[in-house]
Amino acid sequence: MTFTVVSTGFADGGVLPDAQVHAGGNRSPQLSWSGAPEGTKSFAVTCYDPDAPTGSGFWHWTVANIPADVTELAEGASPAGLPEGAVEGRTDFGEPGFGGAAPPKGHGPHRYIFTVFAVDTARLDVTPENSGAVFGFNLHFHTLAKASITGVYQARSPD
């Protein structure tokens, strides 16, 4: 079975809805996944913008320690609707939780890569103060499989 992730809010490669834009609704998207490999003990979710003009991309969301029996996050799950035990890390906005798309005006379209990780341990040693890099470091050593869906967003020019 293939590990996959989908969203009811956008198709892979499609435009992110205003609900997932920082200056719009700033709500985490609905995500559901299936086909996790045997041995999965938890899940993690990240959202990363590789097109940010930073030299290192931009972390918009990191969540770990999602129980293995959970296969969906509802739209707006961040922060109060996450499963018990889940931990959200600090985004590059400086706070834990979901931070929606926010490309600079005139910078062109940005890709927002939502990745679900099947993890071989029930708990990663991460906290809300940890950055995306720390989450990524921990995931590097515990990922069994990963599946991604990408949304695209471009800041609108002033009328």
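For the structure given in this document, a descriptive report is provided here. (Residues numbered from 1 in each chain as written. Predicted model: local features only at pLDDT ≥ 70, side-chain atom pairs only at ≥ 80, totals over all residues. Heavy atoms only, no water.)

### Points about the overall build of the protein chain
Then step 1. A tally of regular secondary structure across the protein chain gives 1 helix and 8 strands.
Then step 2. When the helices and strands of the protein chain are read in sequence order from the N terminus, they spell out β-β-β-β-β-β-β-α-β.
Then step 3. Scaling as 2.2 N^0.38, a compact globule of 159 residues should have a C-alpha radius of gyration of about 15 Å, and the protein chain matches this with 15 Å.
Then step 4. Dimensions of the protein chain, computed from the C-alpha atoms along their principal axes, are close to 50 × 30 × 30 Å.
Then step 5. Burial analysis of the protein chain (159 residues in total) assigns 47% to the buried set.
Then step 6. When contacts within the protein chain are restricted to residue pairs at least 6 apart in sequence, long-range pairs at least 24 apart make up 73% of them.
Then step 7. Carbon and sulfur atoms make up 52% of the accessible area of the protein chain, which amounts to about 7800 Å² in all.
Then step 8. Between the centroid of the 8 positive side chains of the protein chain and the centroid of its 16 negative side chains there is a distance of 4 Å. (Helix = DSSP H or I, 4+ residues; strand = E, 2+ residues; numbered from the N terminus. Rg over C-alpha atoms; globule rule 2.2 N^0.38 Å. Buried < 20%, exposed > 50% of the residue type's maximum accessible area, 1.4 Å probe, protein only. Contact = heavy atoms within 4.5 Å. Areas by Shrake-Rupley, 256 points an atom, 1.4 Å probe, with all protein chains shown as cover. Lys, Arg positive; Asp, Glu negative; His and termini not counted. Charge placed at Lys NZ, Arg CZ, Asp CG, Glu CD.)

### Notes on the environment of His142
Then step 1. Position of His142 relative to the elements: it lies in the loop between α1 (132–140) and β8 (143–153).
Then step 2. With near-sequence residues (within four places) excluded, His142 lies in contact with Ala118, Val119, Asp120, Thr121 and Leu124.
Then step 3. In terms of polar contacts, His142 uses its side chain to reach the side chain of Asp120, at 2.8 Å. (Polar contact = N/O pair within 3.5 Å; in protein donor to acceptor, adjacent residues only side chain to side chain.)

### Considering the layout of surface pockets
Then step 1. What the largest pocket holds in volume is close to 220 Å³.
Then step 2. Lining the largest pocket, in full, are Thr46, Tyr48, Trp59, Ile113, Thr115, Phe117, Gly136, Leu139, His140, Thr143, Lys146 and Ser148.
Then step 3. Of the residues contributing to the lining of the largest pocket, the split by class is 5 nonpolar, 6 polar and 1 charged. (1 Å grid on protein atoms, 1.4 Å probe; cavity = no way out; pocket = protein on both sides within 12 Å on 5 of 7 lines; lining within 4 Å. Points joined across faces, edges and corners; volume = space filled by probe spheres on them. Nonpolar A, V, L, I, M, F, W, Y, C, P; charged D, E, K, R; others polar.)

### Quick word on the environment of Pro67
Then step 1. Locating Pro67 in the fold gives a position in strand β4 (residues 58–67).
Then step 2. If sequence neighbours within four positions are ignored, Pro67 has contacts with Ser42, Phe43, Pro83 and Glu84.

### Quick look at the sheet that holds strand β5 (residues 72–73)
Then step 1. One open sheet holds the 3 strands; their spatial order is β1-β2-β5, and the pairing between them is antiparallel. Taken across any chain shown, the strands that pair with only one partner, and hence form the sheet edges, are β1 (4–6) and β5. (Pairing = 2+ DSSP bridges.)

### Topic: α1
Then step 1. The set of residues buried in α1 consists of Gly132, Phe135, Asn138 and Leu139. Seen along its axis, α1 keeps its buried residues to an arc of 130 degrees; they face one direction. Opposite its buried face, α1 presents the exposed residues Ala133, Phe137 and His140, each directed more than 90 degrees away.
Then step 2. On the buried face of α1, the contacting elements are β3 (42–49), β4, β6 (87–88), β7 (110–119) and β8. (Arc of directions from axis to C-beta.)

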